[in-house]
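Structural characterization, general
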Number of protein chains: 2
Amino acid sequence: MTAPSTSSGTNPRLSMNQATIRTASLDDALRLVRAGGYESIGLWREPVQEVGLAEAARRFGDSGLRLSTLCRGGFFTMPEGRERRAAMDDNRRAIEETATLAAAGAPGSRAVFVLVAGGIPEGTTDLVGARTRTADAIAELAPEARSAGVTLAIEPLHPMYASDRAVVSTLKQALDLAEPFDPAVVGVAVDTFHVWWDPEVLPQIERAGASGRIATYQVCDWKTPLPADVLLGRHQPGDGIIDIAALTRAVEAAGYTGDIEVEIFNQEIWDAPWPEVVARTAEAFDAAVGPHLAASVTA
Amino acid sequence: MTAPSTSSGTNPRLSMNQATIRTASLDDALRLVRAGGYESIGLWREPVQEVGLAEAARRFGDSGLRLSTLCRGGFFTMPEGRERRAAMDDNRRAIEETATLAAAGAPGSRAVFVLVAGGIPEGTTDLVGARTRTADAIAELAPEARSAGVTLAIEPLHPMYASDRAVVSTLKQALDLAEPFDPAVVGVAVDTFHVWWDPEVLPQIERAGASGRIATYQVCDWKTPLPADVLLGRHQPGDGIIDIAALTRAVEAAGYTGDIEVEIFNQEIWDAPWPEVVARTAEAFDAAVGPHLAASVTA
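We now turn to the structure provided with this report. Being a predicted model, the structure only gives us computed values, none of them experimental. (Residues numbered from 1 in each chain as written. Chains lettered and ligands numbered in written order. Predicted model: local features only at pLDDT ≥ 70, side-chain atom pairs only at ≥ 80, totals over all residues.)

Comments concerning the nonpolar core
Grouped together as the largest cluster of nonpolar side chains are 198 residues, with contacts concentrated most on Leu152, Ile154 and Val188 of chain A together with Leu152, Ile154 and Val188 of chain B. If we skip the residues at most four places from it in the chain, Ile154 of chain A touches Leu115, Ile138, Val168, Ala174, Leu177, Ala178, Val186, Val188 and Ala189 of chain A. (Core = buried A, V, L, I, M, F, W, Y, C linked by C-beta atoms within 7 Å. Buried ≥ 20, exposed ≤ 12 C-beta atoms within 10 Å, placed from the backbone. Contact = placed C-beta atoms within 7 Å.)

Below is the structure:
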């Protein structure tokens, strides 16, 4: 057993994804995560926008934390038209936000913007078209990401979200989408919750590593039965059935050396006191992920 | 628009999977399905066992219906031991039931037994072991299926069931499992609800057809949001977001000429009067599936 971590012992690669403590404001999140001994945070756009980008970047810079990712954009599967143009514009703003926040963050900040494709347009069965438009959108955004020094991380989501949230469902599919582009510009997000079930996941993680495309690694666990809202079925690493050890070893073997986020959507965790969640997340990470990292916890 | 079907116009390839009218006894199911103009039914083991195999076979024979499949067995992912032996024995009995019922059914009956692998053993993260034991179980059952003239249909289930119900999640994985065996002995079940999201589904349907391994084709639809019990999120063909036309055309192009089951788990449909469900299923099939069959509705 790994001993509960203290502030000084928090794994240097652990990053708190802000969604895990989603009721906290930006200020509270920065303070709590720092107090918990974390070096890194994955920010969400909404709390950043609440205070405005320039002010958010200033406060984030003052926190001394690294940026692991900015979450999230995408949602560009609709047919060409005003709604799609609005989505593309929003993604352009997010690229700028990512660059600004990464520049303000501590050294080692990662200018990674996470993309969730979006679902099948309402009232249609046009999965194929939605996927084509995903590829088109990435091609449109890639030059702007390159100019800004930002990596777009295509996130495959679990297939139970394919209809309404992400028509990109497997790591293979995400890597195929990324392939035409420079790996510094278009990579993938590997999230244990979304990929654990995939019979092809280990070779695809290896492929992602070989092409330098693992832009972020996120961990959390899966438990059955799922809650009524299947979006909220995420748990602390080690609390479920995912073989997090095997996935983590594969990501390490693939050469990923960046921050590792714990991103959990779970009503019970959202209802718990923030400092408790921050501490418990570090403990869970130490037990489930830490032992499988090449560079393990060092005090 | 296809006109609502009448008894005489019911598509000859449509089979009612008994789960769609699960509250009906065997006798009621046979009577209702026959009265609805169907030629074929997919039986479930429990209502058959309720009256005993010999008696069920007699009544089924009297119905004049074809057997499309017997549902279902499998659930053999646990480690070797008493529980696993009991599961294997139960699957052996099911092979015998399939052979007996198919022999009793009308000409064209298919001796197809549907296999759902089972989930990750309770309290473990042993997905890999569960998959290995699935392959072992199929190897153990294949000779008995061959002797009995039964085809084992490995059914990939949607990945949202991978933890607790089926560690076989994609058609590719099911075909890889089937590959060592004669296609007459080990095939796959293609169910639109389980495979629609898969970026590889069309080439894998083609592969399944080329190797003669499509043992059954089942249709129903997916709607978002999912109900609280995700098992019950199945809908009438055409009521959701699955491109059933594309999948049906692919299965037809792959050379499948057998019965096509509508299998729906849905509390609202289970609560509806049986004759209404039987009629509505035929209508939905005519509209969503019928137009894409090489041999379409003939009176």
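There's more to say after this.
Digging into the relation of the copies chain B and chain A
Once chain B is rotated about the relating axis by 180° and shifted along it by 0.0 Å, it coincides with chain A to within an RMSD of 0.0 Å. What the superposition gives is, in effect, a two-fold axis relating one chain to the other. By C-alpha distance to the rotation axis, the residue of chain B lying nearest is Ala228 of chain B, at 2.1 Å. Looking at the interface residues of chain B, 100% of them are also at the interface in chain A, so both copies use one shared face. (Least-squares fit on C-alpha atoms with pLDDT ≥ 70 in both.)

Section: the sheet that holds strand β1 (residues 14-17) of chain A
All names here are of chain A. Strand order in the closed barrel made by the eight strands is β1-β2-β3-β4-β5-β6-β7-β10, with parallel pairing throughout. Strand-to-strand, the axes of this sheet are offset by a mean angle of 30°, without reference to chain direction. Here strand β3 (residues 66-74) pairs with strand β4 (residues 112-116) via four bridges, running parallel. Across the sheet, residue Leu70 finds its bridge partner in β4, namely Phe113. Each of β2 (40-44), β3 and β4 touches helix α4 (residues 82-104); the most contacted strand, β3, lies at about 180° to it. (Pairing = 2+ DSSP bridges. Helix = DSSP H or I, 4+ residues; strand = E, 2+ residues; numbered from the N terminus. Axes fitted to C-alpha atoms, helices over the stretch in contact; angles between N-to-C directions.)

Observations concerning helix α11 (residues 274-288) of chain A
Residue and element names in this part refer to chain A. Over its 15 residues, α11 runs 21 Å from end to end, which matches the ideal 21 Å to within 8%, given 1.5 Å per residue. Among all positions in α11, only Val277, Val278, Ala279, Thr281, Ala282, Ala284, Phe285, Asp286 and Ala288 are buried. Looking at the buried side of α11, the elements it contacts are β1, α1 (26-35), α9 (244-253), β10 (260-262) and α10 (267-271). (Expected span 1.5 Å × (residues − 1).)

A word on the sheet that holds strand β6 (residues 186-191) of chain B
All names here are of chain B. Spatially, eight strands are ordered β1-β2-β3-β4-β5-β6-β7-β10 in a closed barrel, and the strand pairing comes out parallel. With direction set aside, neighbouring strand axes in the sheet form an average angle of 30°. With three bridges connecting them, strand β1 (residues 14-17) and strand β10 (residues 260-262) associate as parallel partners. Looking at β10, one finds that Met16 is bridged to Val262. In this fold helix α6 (residues 171-178) packs onto β5 (151-154) and β6, with an angle of close to 170° to the strand it touches most, β6.

Nothing here speaks to function; it is geometry throughout.
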